[in-house]
Amino acid sequence: MRPFSFRRREPPPDVSADSSDAELLAAVAARSTPALRILHQRHAPWLRARLARRCADPDVVDDALQETFLAVWRSADRFGGGNAAGWMWTIAIRRLVSALRGRGSRWIGAGEPDGMRAPTSAAPVSASAEDVVLLGVEHGDLGGALTRLPHDLRAVIEATVLDGLTTKEAARLLGIPEGTVKSRAMRARAQLREELS
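Residues numbered from 1 in each chain as written. Predicted model: local features only at pLDDT ≥ 70, side-chain atom pairs only at ≥ 80, totals over all residues. Heavy atoms only, no water.

Peer 1: Looking at this model, I keep getting lost on the side chain of H43. Mind explaining?
Peer 2: Topologically, H43 is positioned in helix α2 (residues 33-54). Within the structure, H43 has its side chain in polar contact with the side chain of D21 (distance 3.0 Å). Within the local environment of H43, its side chain forms a polar contact with the side chain of W46, the two groups lying 2.8 Å apart. For H43, the residues in contact, after removing those within four places along its chain, are D21, F69, A85 and M88. (Helix = DSSP H or I, 4+ residues; strand = E, 2+ residues; numbered from the N terminus. Polar contact = N/O pair within 3.5 Å; in protein donor to acceptor, adjacent residues only side chain to side chain. Contact = heavy atoms within 4.5 Å.)

Peer 1: Explain helix α3 (residues 58-75) to me, please; I cannot follow it from the model alone.
Peer 2: An α-helical segment advances 3.6 residues per turn. Residues three or four places apart therefore align on the same side. The end-to-end C-alpha separation of α3 is 25 Å, in line with the 26 Å expected for 18 residues at 1.5 Å each. Within α3, the full set of buried residues consists of V60, V61, A64, L65, T68, F69, A71, V72 and S75. Along the long axis of α3, the arc covered by the buried residues comes to 165°, so they all point the same way. Opposite the packed face of α3, turned more than 90 degrees from it, sit the exposed residues D59, Q66 and R74. You can read the cap of α3 off the contacts: a side-chain oxygen lies 2.9 Å from the backbone nitrogen of D59, and it is on D57. (Expected span 1.5 Å × (residues − 1). Buried < 20%, exposed > 50% of the residue type's maximum accessible area, 1.4 Å probe, protein only. Arc of directions from axis to C-beta.)

Peer 1: Looking at this structure, how should I read the packing of aromatic side chains?
Peer 2: The geometry of two aromatic rings is summed up by the distance between their centres and the angle between their planes. Applying the stated criterion across every chain yields a total of 1 aromatic pair. Its end group placed over the ring of W73, R31 keeps NZ or CZ at 4.8 Å from the ring centre. Cation over ring: R50 sits above W89, and NZ or CZ is 3.8 Å from the ring centre. (Phe/Tyr/Trp six-rings, centres within 6.5 Å; stacked < 30°, edge-to-face > 60°. Lys NZ or Arg CZ within 6 Å of the ring centre and 35° of its normal.)

Peer 1: Where do I start with the side chain of S19 in this structure?
Peer 2: On the secondary structure map, S19 appears in the segment before α1 (21-29). A polar atom in the side chain of S19 sits 2.9 Å from the backbone nitrogen of S16. Setting aside its immediate chain neighbours within four residues, S19 contacts L24 and R42.

Peer 1: Please clarify how the pattern of salt bridges should be interpreted in this entry.
Peer 2: For side chains bearing opposite charge, pairing can occur when the charged atoms are close. The final tally for this structure, using the stated rule, is 5 salt bridges. Residues D21 and R42 are paired through a salt bridge, measuring 2.7 Å at the closest nitrogen-oxygen approach. Here R42 lies in helix α2 and D21 lies in helix α1, a separation of 21 residues in the sequence. Here D21 falls in the buried class, since its relative accessible area comes to 17%. Overall, R42 belongs to the partly exposed group, its relative accessible area being 27%. Here R48 ties to D62 by a salt bridge, and the two come within 2.3 Å at their closest N and O atoms. Taken together, the residues R48 in helix α2 and D62 in helix α3 connect sequence positions 14 residues apart. (Salt bridge = Lys/Arg side-chain N within 4 Å of Asp/Glu carboxyl O.)

Peer 1: What exactly am I supposed to notice about the nonpolar core here?
Peer 2: Soluble globular proteins: nonpolar side chains tend toward being buried together. Counting residues in each nonpolar core, the largest one holds 31 residues, and the members touching the most others are L25, L39, L51, F69, V72, W87 and L96. Of all the secondary-structure elements, those providing two or more residues to this core are α1, α2, α3 and α4 (84-107). Take this core: its biggest share by element is 10 residues, from α4. Excluding residues within four positions of it along the chain, V72 makes contact with L25, V28, L36, L39, W87, M88 and I91. Of all hydrophobic cores here, the second largest spans 8 residues; its members include V156, L165, I176 and A185. (Core = buried A, V, L, I, M, F, W, Y, C linked by side-chain atoms within 4.5 Å.)

The structure is reproduced here in structure tokens:
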């Protein structure tokens, strides 16, 4: 009988607050908790602010943020390079939408199994207007049209229209000049108008 062979993991690379996001993600992929801590300190505040623009419930925002960094821990090895902040934002917004979608089934009265029904004395949960619009955008005609946009155009529309960022904020987030944000937004709107008409 052959003895078990264990692969030795290389120790995670040393990181510091000066490490780039890509270096931090590589260290997280090697299971470095200090690297995850630095990423969290660097990105959690702006992720929380952007998520809060989409959802008024701070508990849902906190859950989505926690799930985001859990997903970063689990899938840092899948980061393909490029804009780490954009990659984490994609994870965060998907976590938020999943949380809202889960709550949405209660909003529309889909019902729960008898043993899982909430007490009747609890106040009914109702969707905020922003939550309803967000779900409609993702699953309606506009959502399909948005997914068919090239990634660079879609990122600008999501940042400026859906997230309500200024041109300057979107440029900083996406790492592109303000003029590029404006021209991409014009091209994206033209393509969306054409597709939706």
